[in-house]
Amino acid sequence: SNHFPNVRFISVFDHFDSQTSDADSMAISMVQLVNDFYCKDISKKICSAYDTKVAKGFCWGKAPYGYNRRNDDSGRLIMDENASFIVYLIFHWAYQRTSVTDIANRLNQLGFLYRPSESNYTKSQKSKQETPWYSQTIKSITTNPLYTGDYVYNRFRNRKYDASHIGDLPMEQWKFVQKTHPGYITKSEYL
């Protein structure tokens, strides 16, 4: 401000006024701005690495019901021999237009309990507990295009560096990686 005596810099967001504030407070604000940019840049790089792995068929998070992970580092899925019969039964009934509530009730009446698969990240005892089937669980299976054998990603907006882009995306924007794992149904049977 010594070089330009008639110029006054005011930053409302940073509570800075060159006429009354200490110059160090603006320097702190500038450091915060650089740190914010760095965080966004790192987040974009992490998301890019995620997208690269997914494009190769790597399945993140929990394996869907009826699948396990292969014993290599590929992150790809194989059918769970202990649950495959139930998955086929669910899709058979769904194809006959049986409601998700009725499918859950039938499985419970037959004594088939639901057992969540393990996550990529944790192997807690809680995930191994068997529970009754619920209609929401059936719905999550019958509406998941992953059961066709293609890995599907970009179904949700969840980029951490841009909170305005969070939520479901329309199907036209989903990304598919063809034939990454065995499917339970064909694409034409996908509900």
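Residues numbered from 1 in each chain as written. Predicted model: local features only at pLDDT ≥ 70, side-chain atom pairs only at ≥ 80, totals over all residues. Heavy atoms only, no water.

Tyr65, Ile90, Leu107, Trp133 and Tyr147 are the most contacted members of the largest nonpolar core, which has 28 residues in total. Listing elements by their share of this core, those giving two or more residues are α2 (84-95), α3 (100-109), α4 (135-142) and β5 (151-153). Sorting elements by how many residues they give to this core places α2 first, with 7 residues. Setting aside its immediate chain neighbours within four residues, Leu107 contacts Ile86, Leu89, Ile90, Trp93, Phe112, Trp133 and Ile138. (Core = buried A, V, L, I, M, F, W, Y, C linked by side-chain atoms within 4.5 Å. Buried < 20%, exposed > 50% of the residue type's maximum accessible area, 1.4 Å probe, protein only. Helix = DSSP H or I, 4+ residues; strand = E, 2+ residues; numbered from the N terminus. Contact = heavy atoms within 4.5 Å.)

Now for the packing of aromatic side chains. The final tally for this structure, using the stated rule, is 10 aromatic pairs. Ring geometry for Phe85 versus Phe112: centroids 6.0 Å apart, planes at 65°, classification edge-to-face. Here the residue Phe85 occupies a position in helix α2, and Phe112 occupies one in the loop between α3 and α4, the gap between them amounting to 27 residues. Over the aromatic face of Phe58 sits the side chain of Lys53, whose NZ or CZ is 4.3 Å from the ring centroid. The residue whose ring lies beneath Arg106 is Trp93, and the NZ or CZ to ring-centre distance is 5.1 Å. (Phe/Tyr/Trp six-rings, centres within 6.5 Å; stacked < 30°, edge-to-face > 60°. Lys NZ or Arg CZ within 6 Å of the ring centre and 35° of its normal.)

Here the focus is the confidence of the model for the protein chain. Detailed reading of the predicted coordinates is not advisable wherever pLDDT falls low. Summing up the model confidence of the protein chain, the mean pLDDT is 81 and the portion of residues at 70 or higher is 81%. Model confidence for the protein chain, summarised as mean pLDDT per element, is weakest for strand β6 (residues 156-158) at 68 and strongest for α3 at 97. (pLDDT = per-residue confidence, 0-100.)

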